[in-house]
Structures are given as structure tokens and as C-alpha cells.
Amino acid sequence: MSKSTKRELRSTRDAFGETLLDLAKENSKIVVISADLAESTRILPFAKKYPERFIEVGVAEQNMASVAAGLSFTGKIPVMASFGVFSPGRNWDQIRVSICYNDANVKMFATHTGLSADRDGATHQSLEDIAIMRALPNVKILSPCDFWEAKRAVKAAFEIEGPVYVRLSRAKTEVITTPQHSFKIGKMRIMEKGEKIALVGTGTIVSDGLNAAQEINKKHPNTVRVINCPTIKPFNIKDLLKSLGGIRKIITIEEHQIDAGFGSLICEMLSEEREKYLISRVGMNNEFGESGSFEELKKKYRMDKEGIKKIILDKIKNE
Amino acid sequence: MAKKLPADNNDRLQKIAHDLRITVIKSLEKAKSGHTAGSLGTAEIFTVLYFSELKIDPKKPEKTSRDRFFLSNGHICPILYAALSERGFFDPSEMNRFRQINSLLQGHPDRKTPGVETAGGSLGQGISVAVGTALGLKMSKSDNRTYVMTSDGELNEGQTWEAAMLAAKYKLDNLTWIIDRNLIQIGGFTKQVMPLENLRDKIESFNWYVLEIDGHSIDEIKSSFSMAKRISKRPTAIIAHTVPGKGVSFMEDDPSWHGKPPSPKEAEKAIEEIKKLKKKINED
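These figures come from a predicted structure and were not determined experimentally.

**Q** Summarise the side chain of Thr223 of chain A; cite the residues concerned and give the values.
**A** Residue placement: Thr223 of chain A occurs in the loop between α8 (205-219) and β11 (224-228). When neighbours within four sequence positions are excluded, Thr223 of chain A is seen to be in contact with Gly194, Glu195, Lys196, Ile197, Asn217 and Ile316 of chain A.

This is the structure:
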């Protein structure tokens, strides 16, 4: 318990902004497109430092996506950033046709995903972006769990050719990795050891899962394993099976609708295996959010440490 | 395979335009589906683009220093394919495989086809892609130009106007936007489905330089492209007035030909008519 309170709080959007600036110094092909959210998405420092490589399209996310594709055809590496509800929420068809079908080398960054647009309410809370993006061919989807992992995911997005979508949060969440942790697209990481139940998660909610697991493991030693999946697409089922190491009881955690999102993905993948798995999904349960603080929302919609703990304890009880 | 560029005179170009029309008819008839009217109506524009205007190399379709043409109204791709094929980007026999399984020539453009610069078909996107490319070429200080064609019905899509604002904001004088103003769209006449007039005023008010031409006059098409190159600090839009189904009497100006192919009998009759038009040029 004391462990969690000591952890530093930082946002993954800040990691994006800082890393972008570092990469831009070395790579002059990087250009950035804004749809009037430069400050919130943390691309403003880039805009100030490299005004000749910065394009402001105004409140026009559809245009932003297709313009990005056109820029990529001239050898540029375009970065587009907005809130998840607007991009990919507003411009999904442009992402589908102009970017993914064209296999354009565009790097898409969504900030304010999950509940992190908190007080702005349901219109601004991006709880469906994994669902709509993971249905698209050609794109890779990264969903880092904290500040340091976000830095590495942003860097990785530029190391590969083709469309990449990176899911980021506005919220300052616990830093649970270190700058030394390795990162490879498609690779998972065991964050906490345990042998009976596996928490399989993506994004910043992994820190809540980790806290829940660590508290439970104190009372019931070696029970809950925590597996962090920063790559949603391409999904590495082999690495998941390896990370599960034979555990069949699974709880998926995501700050997203449980339908068609990350939990669904895990169910789909494991349903094709020979073994039988018992899976519970934690996330938004087919409803819209509302205004409130990030912590209040996570609590109300059972995506906080206590909510996750309850599900784990129920699973232990039903053993 | 690449053919030598023919002499750049108007009669020669007009003949090529009719040849492209014949190729389009044959290919649509064989495919038993596809969009006839717009493809025939833009034959002269495509001929001038691919046989006179664009700096392109069929042997090196992805050469960095090339002009780019984007087809936003992807459904009229038969005329684009006919031009690319005639120009030597791929083997002309591919035209018989349009819309067939495993074909190089998809029902709407796909970048796997040599010479095709963007996927198109979800309307309104091509102009934004072209704006992105024009921006990129400007940033790279390239002399190459960017061309985009949209239909008129397509202008119903709000994205078109997002792109138009952006092109003017960044003073993209390396961008030429051709509007196929044929007055029809899939559901009927544009004035019934969604009135666009006054189109010229609309685009001018977005701070574009606007030209209006007869989209079947080789001379006017050529001079409008030259004019666009002389305009600085503003993008140019060319409203090309065209007759949908041009060259085939029973197809002209009839919205029902927007999205259907000719039957074998209709194709035969159409080709006969186009051949007559071509012959007339020889006689003149």
C-alpha cells in the first residue's frame, strides 16, 4: 500500500510531447499536424521550435488525416495529434482509406483517451477508440502503461514504416516502469508475479491493477500475476500464452468499453486455443461516462484499484 | 513498354481522348459494372494531363521528382486507367481485367496500380491528400506540381471545404484543382440533390484563383493549366464544364449513366459513334 503512494505521477501525453521534440531534432522528416489542440496534445513545444514543420489545419480532423497521408507521399513522416474522440473518433473513414488502405507512413497520437478527459464529460471521453482502430488492417496500435513506457512506444512508432496509432492519457498516473525497461512492439511484460489469477491489462489502468494485485498478494502470497500488454495490434498470442504460464483464470483491465475493446481481444485470441480459460473483463460496461474528477470516475465505474480488487477477490472466493 | 510521348498538337490529343473513350467502353462492358458517364466526360482532361501536362515517367512511377495527380472521385477510374495504360504504366491487357478478382485494376483506385497516387472512392478525401502533398512538396522546395480532380457532387462533402481553406491558408500555388462540373451525381442532377451555385463565388471566397473552361476543349484545358502555373501565392481551381457521357449520343447528359456500364449492344453502338468522331478529326 505504501509502495503505491510513493510512486511518481506523470502523464503519457507529456512523455509524447518530450519524445517528439527529441526525435524531431535528429529526424528532419518529422512534420506535425494540429487540429487546434496543440497545447492539450503537447505538440506546442514542437510548433514553437519548428514552425516550418508545423501545420495547423484548424478544427478539421477529417482533413487532418487525409492531409497527413498526402504529406507522407512526399517522404515526410507526419504526426497527427488530437483527442481520441475526435481522432480516430471523428475521422475514422479518413484513417481507414487515406491512411490505412494507402499504407501511409503516418503516426497517429490520441491524447485524453479513456476517462482522462474527466470533467469534460462523456462527449470527450474516448472509450471506443481501441474498438474502431483494431478492426483496421495495416495499422499498429500501441497503448503504453505509464510515462516511461510511453516514451519508448513513441520512439518505436517512428522506427517502423507504416501507420501507427498510439493511445495516450491526459491523466497523471503512477509511473510503474523505469527508463531502463526494454520495449519491443508485440512484447508483453510481467509486472507482478503470481500463480493463480492473471490480470491482463493495457494502458495506464495497469498501475491500478498492479496496486490491487500487490495488496492482495500481501495477504494471499503469490496469487495474482500482472501482465502488461502495450501492443494491441499486432497481438502477440504466443507471448501472452508464455506470460500466462498456464494460468487459466484471467481478468482483463482497460479504460475502454469492454465490448470490442482489449478484453474482447483477449477473449477472441484465447477462444482459439485448445485450453479453456475463465475470463472476466473490467472496463466501461456498455455505458457512457459523465463529468467528474478522474479518480471519482474510475471509482464510480469500477476501474480503480478497489474495483479491480473486488473482482479479483470474487474470483479467489469462487475457486 | 512505355510509349514515346506523341507530338503535342491538339488534333493528336483529341484523337487520343477518343481512343481512351473506346478503351473505357470496352473495359466497362467487360467488367459488367462501373461508372460510364464521368469517365467519358473527362477524356479530354485526362488526355491533356497524361499526354501533355504532367511531368511523369511511366518507367519510374514513384520517381521523387514527379508531378502528382490525385483522383478524388475515384469512381471514374476507368478513364484514369485508360490514360495510364495508354501512357505505358502497365500492360494494356490489364484493362480487360478491370473489377475482376486478383486484378491490378480495382473498382476504385488502389496504390498497387502503377501510376495511381492515392486510394479514392470515399468522396472528399482526395483533395485533402493533394493538399498534404502540395504542402510536402513546398516544404521540400520541390518544383513539382500537384493536381487533383474532384467531381461536382463530391463537393457536398464538408471535407472538401476544409481542404480548400487549408490550401488557401498556406498559399499553395503549386496546387491545381480540377472540378468535373457535369451537373449530375448518383441520385440525379446536382441542382436537385444539393445545389452548388454559385460555385465560382464560393471557391473565390475561399481565396482561390478560379478559372472556368469548356472541359472538352483541349486548347482551353491546356491554357488553364498554364495559367495556374503563373498564379502566385494562391491555389487555382478550374471549373471544367463537361458533358457526362460525352461522345455517345444516348449517354450524354443522362444521370442514369452515372453508375452503370453499357451492355454489349450499347457498347458496340457507342464505339461506332466514337470512331466516327475520331474519323472526323482526320478529315478536318
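Now that the structure has been shown, we can carry on.
**Q** So what's going on with the pairing of strand β6 (residues 209-214) of chain B? Residues and values would help.
**A** If a strand is regular, its side chains alternate between the two faces of the sheet. Residues and elements named next belong to chain B. Bridge analysis of β6 against strand β7 (residues 236-241) gives six bridges, and the strand direction is parallel. Counterpart to Tyr209 in the pairing with β7 is Thr236. Between β6 and its parallel partner β7, the chain crosses via helix α9 (residues 218-230), and the hand of that crossover is right-handed.

**Q** Requested: an account of the sheet that holds strand β7 (residues 164-167) of chain A, with residues and values cited.
**A** Residue and element names in this part refer to chain A. On the basis of which strands lie adjacent, the open sheet formed by seven strands has the order β3-β2-β4-β5-β7-β6-β12 and mixed pairing. At either margin of the open sheet sits one strand with a lone partner, and together these are β3 (54-56) and β12 (231-233). Ignoring strand direction, the axes of neighbouring strands in this sheet form an average angle of 20°. Bridge count between strand β6 (residues 140-142) and β12: two bridges; the pairing is antiparallel. What sits directly across from Leu142, in β12, is Thr231.

**Q** Residue-level account of the packing of aromatic side chains, with values.
**A** Residue and element names in this part refer to chain A. If you walk through the whole model with that rule in mind, you get 14 aromatic pairs over all chains. A centroid spacing of 4.3 Å and a plane angle of 25° characterise the contact between Phe16 and Phe109, whose relative ring orientation is stacked. Of this pair, Phe16 sits in helix α2 (residues 12-26) while Phe109 sits in strand β5 (residues 107-111), and the two are 93 residues apart along the sequence. No difference in accessibility class separates Phe16 from Phe109, as the two residues are buried.

**Q** How would you sum up the environment of Ile190 of chain A? Please name residues and give values.
**A** All names here are of chain A. With respect to the element layout, Ile190 can be found in strand β9 (residues 189-192). For Ile190, a relative accessible area of 42% corresponds to the partly exposed category. Sequence separation between Ile190 and Val166 is 24 residues; the distance between their C-alpha atoms is 21 Å. Those residues within four positions of Ile190 in sequence are excluded, and the remaining contacts are Arg225, Val226, Ile227 and Ser243.

**Q** Tell me about the domain arrangement of chain A, and name the residues and values.
**A** Accessible area lost during the coming together of the parts is what is often quoted as the interface size. Residue and element names in this part refer to chain A. Here chain A is partitioned into domain 1 (10-174) and domain 2 (189-317). Measuring from the centre of the C-alpha atoms in domain 1 to the corresponding centre in domain 2 gives 25 Å. Across the contact, 34 residues belong to domain 1 and 34 residues belong to domain 2. When the buried surface of domain 1 facing domain 2 is broken down by residue, Leu115, Leu127 and Arg134 rank first, second and third, together holding 26% of it.

**Q** Tell me about the interface of chain B and chain A, and please be specific about residues and values.
**A** Tallying the contact residues gives 27 residues for chain B and 23 residues for chain A. Between chain B and chain A, roughly 2,000 Å² of surface is buried when both sides are summed, and carbon and sulfur atoms account for 54% of that area. There are zero salt bridges connecting chain B and chain A. Looking at the side of chain B that touches chain A, the elements that each hand over two or more residues are β1 (68-71), α5 (125-139) and α6 (158-169) of chain B. The biggest single contributor to the side of chain B that touches chain A is α5 of chain B, with ten residues.

**Q** I'd like a description of empty space enclosed by the protein, backed by residues and values.
**A** Within the structure shown, the criterion is met by three cavities of 30 Å³ or more. Lining the largest cavity are 13 residues; nearest its centre among them are Thr113, Arg167, Ser169, Gly203 and Thr204 of chain A. Broken down by class, the residue content of the lining of the largest cavity amounts to three nonpolar, eight polar and two charged. Its volume calculated, the second largest cavity comes out at about 60 Å³. Along the walls of the second largest cavity sit Tyr50, Leu54, Ile56, Pro61, Arg66, Asp67, Arg68, Phe69, Leu84, Phe89, Gly115 and Glu117 of chain B, which together make up its complete lining. By residue class, the composition of the lining of the second largest cavity is seven nonpolar, one polar and four charged.

**Q** Would you mind going over the layout of surface pockets in detail, with residue names and values included?
**A** In this structure, the largest pocket occupies an estimated 560 Å³ of space. Its residues assigned to classes, the lining of the largest pocket shows seven nonpolar, ten polar and eleven charged.

**Q** Quick rundown of the sheet that holds β6 of chain B? Include the residues and the values.
**A** Residues and elements named next belong to chain B. The strand order across the open sheet built from five strands is β1-β2-β3-β7-β6, with neighbouring strands paired in parallel fashion. Edge positions in the sheet fall to β1 and β6, since each has one partner strand and no second. Strand-to-strand twist of the sheet, defined as the mean angle between neighbouring strand axes without regard to direction, takes the value 20°. Judged from the six bridges that link them, strand β3 (residues 175-181) and β7 form a sheet pairing that is parallel. Bridge pairing in β7 links Trp177 to Ala237.

**Q** How would you explain the nonpolar core if you had to name every residue and give the values?
**A** Within the largest apolar cluster, 70 residues are counted, with the highest numbers of intra-cluster contacts made by Val200 of chain A together with Val131, Trp177, Ile203 and Trp208 of chain B. Composition of this core by domain shows at least three residues from each of domain 1 (10-174) and domain 2 (189-317) of chain A. Contact partners of Val200 of chain A, with chain neighbours within four places excluded, come to Ile227, Cys229, Leu240, Leu244, Ile250, Ile251, Thr252, Ile253, Phe262 and Ile266 of chain A. By size, the runner-up hydrophobic cluster in this structure holds 54 residues, among which are Val48, Tyr50, Ile56 and Ile221 of chain B.

**Q** Hey, could you go over unusual backbone geometry for me, with residue numbers and the actual values?
**A** The omega torsion across Ser87 of chain A and Pro88 of chain A is 20°, close enough to zero to call that bond cis. In this fold, Pro88 of chain A is placed in the loop between β4 (77-83) and α5 (92-101). We note that His112 of chain A has phi near 60°; this positive angle belongs to a residue other than glycine. Within the element layout of this structure, His112 of chain A appears in the loop between β5 and α6 (129-134). Positive phi outside glycine occurs at Lys171 of chain B, with the angle close to 50°. With respect to the helices and strands, Lys171 of chain B occurs in the loop between α6 and β3.

Cut-offs and rules
Residues numbered from 1 in each chain as written. Chains lettered and ligands numbered in written order. Predicted model: local features only at pLDDT ≥ 70, side-chain atom pairs only at ≥ 80, totals over all residues. Heavy atoms only, no water. Helix = DSSP H or I, 4+ residues; strand = E, 2+ residues; numbered from the N terminus. Contact = heavy atoms within 4.5 Å. Pairing = 2+ DSSP bridges. Right-handed = clockwise from strand over helix to strand, strands pointing away. Axes fitted to C-alpha atoms, helices over the stretch in contact; angles between N-to-C directions. Phe/Tyr/Trp six-rings, centres within 6.5 Å; stacked < 30°, edge-to-face > 60°. Buried < 20%, exposed > 50% of the residue type's maximum accessible area, 1.4 Å probe, protein only. Domains from an automatic or database assignment. Buried area = accessible area lost by both parts, 1.4 Å probe. Salt bridge = Lys/Arg side-chain N within 4 Å of Asp/Glu carboxyl O. 1 Å grid on protein atoms, 1.4 Å probe; cavity = no way out; pocket = protein on both sides within 12 Å on 5 of 7 lines; lining within 4 Å. Points joined across faces, edges and corners; volume = space filled by probe spheres on them. Nonpolar A, V, L, I, M, F, W, Y, C, P; charged D, E, K, R; others polar. Core = buried A, V, L, I, M, F, W, Y, C linked by side-chain atoms within 4.5 Å.

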